[in-house]
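# Breakdown of the fold
Spelled out from the first residue to the last, the chains are:
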Amino acid sequence: MKFQKVTALILSGMLAVSTMAACGSSGNDSAGSGGDNPKAGGGKSDLIIWTLADDMKQFAERYEEKTGVKSEVVVIAPADYPTKLTTALGSKASEPDIIVGEPQMLPNFYEAGFFEDLSQAPYNAEDHRDQLFDYVYEAGSDDNGIVRALSYQVTPGSIVYRRDLAQEIWGTEDPEELAPKFESYPAMIKSAEEAKAKGYRLFSSTSGLGSLSSGGGAWVVDGKLNLSGSRLEYMDAAVTMYQNELIAFAPDWSSAWYASMSGPLPSDAEWEDDLENVDGEMTEVVSYVLPSWGALIIRDNADQNIGKFGITAASTSFFQGGTFLGINAYSQRKEAAWEFIQFVTLNEDTASWWLEHSKGDVVSLVSVLEANKDFENEAFGGQKTYEFYLDITPEIDYSLITKYDTQVGDIYGQAIESVQRGAKSKEEAISDFLMEVESIFPELEISR
Amino acid sequence: MSAQKAARTVSKPPRMKNVNHTGYLFIAPFLIVFLIFNIYPVIRTLFMSFTSFKGYGEMELIGFSNYSRAVTDRIFWESFLNTVKIWGLNIVVQLGVALLLTMLFNDIKYRMKGLSLFRAMFYLPNLISAASVAFLFKFLLDWKFGSMNQLLITLGIIQNNVNWLGQPHTAQIWVSIIGAWMWFGNSFIMLMAGVQGIPKDYFEAATIDGAGRWRIFGSITMPLLRPIMLYVAITSLIGGLQIFEIPFLISEGIGKPDRALNTAVMHLYNMAFKNQQMGYAAAIAFVLFFIIAIFSALSFFLISGKKEKRQ
C-alpha cells in the first residue's frame, strides 16, 4: 500500500513537472516541430528568423562574420509555414523578429498586418526603389503601395534545355534558334513529337506548362474569375502530351525528375524512388520549364551532364517563388531586424558574395546583376545566364499575380489531371473546377 | 470555541445542513480543465461561426451568412456524401466481421481457445497511428509497384495492375476497408463483452431444445446484444462522420482522385487552414454537429424503439 502511494506520488509529480515544462516552453518555441528549435542553439541570439529554405542560414552566418550579430534561423516547410506564422502572429507573438514569404503568400500576410510598414521612418524603404527590379518592389508592397518586404533574389522563368539533345533533334543548340520551338503550346506539342521520334521526351511532366499560361491575364480580374483562352490551351496541350506519351512521367521533385538531369531514366517511373525497379523504355528529358533558381537544381543534380545545359526564352514571361523578408510587426527588435534585411537585400557586397557563392542564383540588385552580366555559367556551357535574366526580368508583369492564384491554380491542375487520366471530359472537368472555386471563393463572379 | 462552531452550524439554512463543500475542491481540477479545454473552445467556435474571422485580425459579426453558405455549398454536401459512403461500407464490414468473430468465439461446439490472444491481435491495428496506417496502405496499394497488385496477379485474380487509389470508387472502398480493419477489433471486444454478459443457461437451454447455431444467434444472441449494438453503432457513426486522417493522408490533403476522398471534416480543415476561412469552417463544424446529433438520435430511436416494441 505504501509502495502504491509512493509510486502514485512520483507519477503525479512527473506529470505536473512535464506539464509545467510544456507550458513554459510554449512562449518562444512556437515554431514547433516544423523546424529547428530556436533555443536549441545554446547561446542567446540577437535575432530570430523564420524562413522557408536553408539559404537564409548562409546569410545569417555571413552576417555574424561581418557584424558579430548572432541570428537563429528556423526553417519551416513551405506547406506548414502559413499556418505556423498565422498561429504565432495571430496571437501577436514578438518572436520571430524577421519573417519571410513567397509572393503567393504575401497578400494574405499583408492583410493580416504581420509585416511592418517599411515605407515609414526609420526604414524609408521607398528610397531604395531604383536599386531593385520593379516586380520585386511591387511584390513587396501591399494594396496601398506600402512596402512590407524586400527580396534578395529575382526568379524569372525560362526554358532550360539539354544542348546535346537539342543538337541531335533539331540540329542546333543555339538559344535564339531554339526559342521558337517553345513559343506557343502548339509549337511545344510539335517539338515534343519531334523529340519522341528520336527517343526523347520534351518535358519530364506537364506541370511546367501551367507556368506559361498567364498570357491571357490574371486568374481574377475585377472580381471575376478569368478562365482565359490561354489557360484552356494549357489544358488541351497538357492532355495531348500526357495521352500521347510525349512526356517522361517524372513529376517535379520526384526521384525520377532529379535523375533525369543526369542521364537516361525509365519513361514511366512516376514517384518510384528506386528507379532500378522500373521496367520499360529508357529515355532522356530534353527540357524543363524552370525559374532562375532551377539553375541551382541543375547544378546540384546534372552530374556528368554539367555544362550540357542551355537557357532560352519561354513563350511568356513568368516568375516563380522568391524569398521576401520583412519585420514582424510585433517584434521588439525591429531596428536590428531592419539592419539584417538591408544587409541581405540592399547591400552590394552581400549580393556579389551571394552570386559567387550560390553559383547561379539571381540577385535583385540591378547594379550587381549588371556588373556580373558577363559571368559565364559552367553548368550551362559557359552561357551568360545573368545577362539573359537581366534582359527578361523587366518583362515580368506583377499585376498578373493575385491572392487567389495558389488555390485556383491547384484546383485547375487537378481538373487537368482528371482529363489527362480520362476520368472526366474537358467540359465536366471545367464545370467541376468552377464549382470548387465557387465553393472556396463565393465572393468571385463566375460565368459559365 | 466548540460552542461557537456549534452555533455556526445551527445558524446554517436547513438545505445546506448536509452539504460538504470539500467535494468541490476535489472536482475543481477536472472542472477547470474541462471548462477551459472543452466548453470554452465549443462556445468560441460557435461565436466564430457567426463571424468572418480569417484566423487573424478582428472578428466581424456577419449573422447567419456562414450557415446559409454551408447549406448552398455543393462541395460541402458532396464531401458529406463521400463521408456517408465511406462510413456506410466501413460500418457494414466492421460490424459484420466483428459479429462473425463473436459468433465463432462463443460457439459452444467449437470452443475456440486463445480468446485473449486473438482479442489483442484484433485490437492491434487500432494502436497503430493513422499516419503509419495511411502510408502502409499507400505503399501496399501503389498501382505500379504495390504488393497488393503483385499478389492478386500472382493468384490470377486480376490480369493487369489496378490503380486502386487512382479511381474514385475503388479509393473510397479501400478507405472504408482500412477503417474497418482498424476498428473491427474494438467492435469485437464490445460485442464479446456483451455476449459474455448473456447468461450461459439460455444457450444451453436452447441447445438442449434442439435450436441450431443460426436460431440461437437470431433468437438469443442478437436480441440480447441490442444495447451493445446500439452503443457500437452510435459511437461508430459519431467517429465515422468525422473521418479525416486516413483520407487526408492518402489523398495528400486534396481529396484526390476527383475529390472522392474529400470528407466533410477535410473540407472543414481545408477551409480553416488552407483557405483561411475560420468563421465558415466553424459554421461547417456546427452543421456537422447537428447532423451527427440527428443521425445519432435516429439510430437510438430506431434500435431501442424496436427493442421496446418487442418487449
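Data block above holds the structure.
These numbers come from a predicted model, not from an experiment. (Residues numbered from 1 in each chain as written. Chains lettered and ligands numbered in written order. Predicted model: local features only at pLDDT ≥ 70, side-chain atom pairs only at ≥ 80, totals over all residues. Heavy atoms only, no water.)

## Some thoughts on the overall build of chain A
When you go through chain A residue by residue, the secondary structure sums to 17 helices and twelve strands. When burial is assessed residue by residue, chain A has 53% of its 448 residues classed as buried. Within chain A, counting contacts between residues at least 6 apart in sequence, those at least 24 apart form 69% of the total. Accessible surface computed for chain A: about 19,300 Å², of which carbon and sulfur atoms make up 48%. (Helix = DSSP H or I, 4+ residues; strand = E, 2+ residues; numbered from the N terminus. Buried < 20%, exposed > 50% of the residue type's maximum accessible area, 1.4 Å probe, protein only. Contact = heavy atoms within 4.5 Å. Areas by Shrake-Rupley, 256 points an atom, 1.4 Å probe, with all protein chains shown as cover.)

## A few points about the sheet that holds strand S12 (residues 324–327) of chain A
Residue and element names in this part refer to chain A. Taken together, the five strands give an open sheet; going across it, the order is S2-S1-S3-S12-S4, and neighbouring strands pair in mixed fashion. For this open sheet the edge positions go to strand S2 (71–75) and strand S4 (150–151), each flanked by a neighbour on one side alone. As defined by bridge partners, strand S1 (residues 47–51) adjoins strand S3 (residues 98–101) across two bridges and the pair is classed as parallel. Paired with Ile 49 across the bridge in S3 is Ile 98. (Pairing = 2+ DSSP bridges.)

## Thoughts on the sheet that holds strand S5 (residues 157–162) of chain A
Residue and element names in this part refer to chain A. Overall, antiparallel pairing links the three strands, which are arranged S10-S5-S11 in an open sheet. Looking at strand neighbours, the two that pair on one side only are strand S10 (287–291) and strand S11 (309–312), the edges of this open sheet. Going from strand to strand, the sheet's axes swing by 30° on average, the running direction of each strand aside. Relative to S10, S5 runs antiparallel, the two being bridged by five bridges. When the sheet's bridge partners are listed, Gly 157 is paired in S10 with Pro 291. Strand contacts of helix H6 (residues 163–170): S5 and S11, with the helix running at about 75° to S5, the strand carrying the most contacts. Of the strands in this sheet, S5, S10 and S11 are in contact with helix H11 (residues 294–301), which crosses S10 at around 130°. (Axes fitted to C-alpha atoms, helices over the stretch in contact; angles between N-to-C directions.)

## Looking at the pattern of salt bridges
Inspection of every chain in the model, using the stated rule, returns 25 salt bridges over all chains. What emerges from the salt-bridge pattern is a single network uniting A:Arg421, A:Lys424, A:Asp432, A:Glu436, B:Glu78, B:Asp258 and B:Arg259. (Salt bridge = Lys/Arg side-chain N within 4 Å of Asp/Glu carboxyl O.)

## Some points on the pairing of S12(A)
All names here are of chain A. Taking every second residue as pointing to the same face, both faces of S12 are buried, with Phe 324 and Gly 326 on one and Leu 325 and Ile 327 on the other. Pairing of S3 with S12 involves four bridges; the strand directions are antiparallel. Of the residues in S12, the one forming a bridge with Val 100 is Leu 325. Strand direction decides the pairing type here: S4 and S12, joined by two bridges, are antiparallel. For Ser 151, the partnering residue across the bridge sits in S12 and is Phe 324.

## Points about the packing of aromatic side chains
Residues and elements named next belong to chain A. For the structure shown, the criterion picks out 53 aromatic pairs over all chains. Ring centres of Phe 59 and Trp 354 lie 4.6 Å apart, and the angle between their planes is 35°; this geometry places the pair in the tilted category. Note that Phe 59 is positioned in helix H2 (residues 55–67) and Trp 354 in helix H13 (residues 348–358), a separation of 295 residues in sequence. Residue classification places Phe 59 among the buried positions, given a relative accessible area of 1%. (Phe/Tyr/Trp six-rings, centres within 6.5 Å; stacked < 30°, edge-to-face > 60°.)

## Topic: unusual backbone geometry
With an omega of 5°, the peptide bond running from A:Glu95 to A:Pro96 counts as cis. With respect to the element layout, A:Pro96 can be found in the loop between helix H3 (81–90) and S3. Along the chain, B:Lys256 connects to B:Pro257 via a cis peptide bond; the corresponding omega equals 5°. Turning to its location among the elements, B:Pro257 is positioned in the loop between helix H11 (245–250) and helix H12 (264–274). Phi angles above zero are rare outside glycine, and A:Phe249 is one such case at about 55°. Note that A:Phe249 resides in the loop between helix H9 (229–243) and helix H10 (255–260). Non-glycine residue B:Asp258 carries a positive phi angle of around 50°. Looking at the element boundaries, B:Asp258 is found in the loop between H11 and H12.

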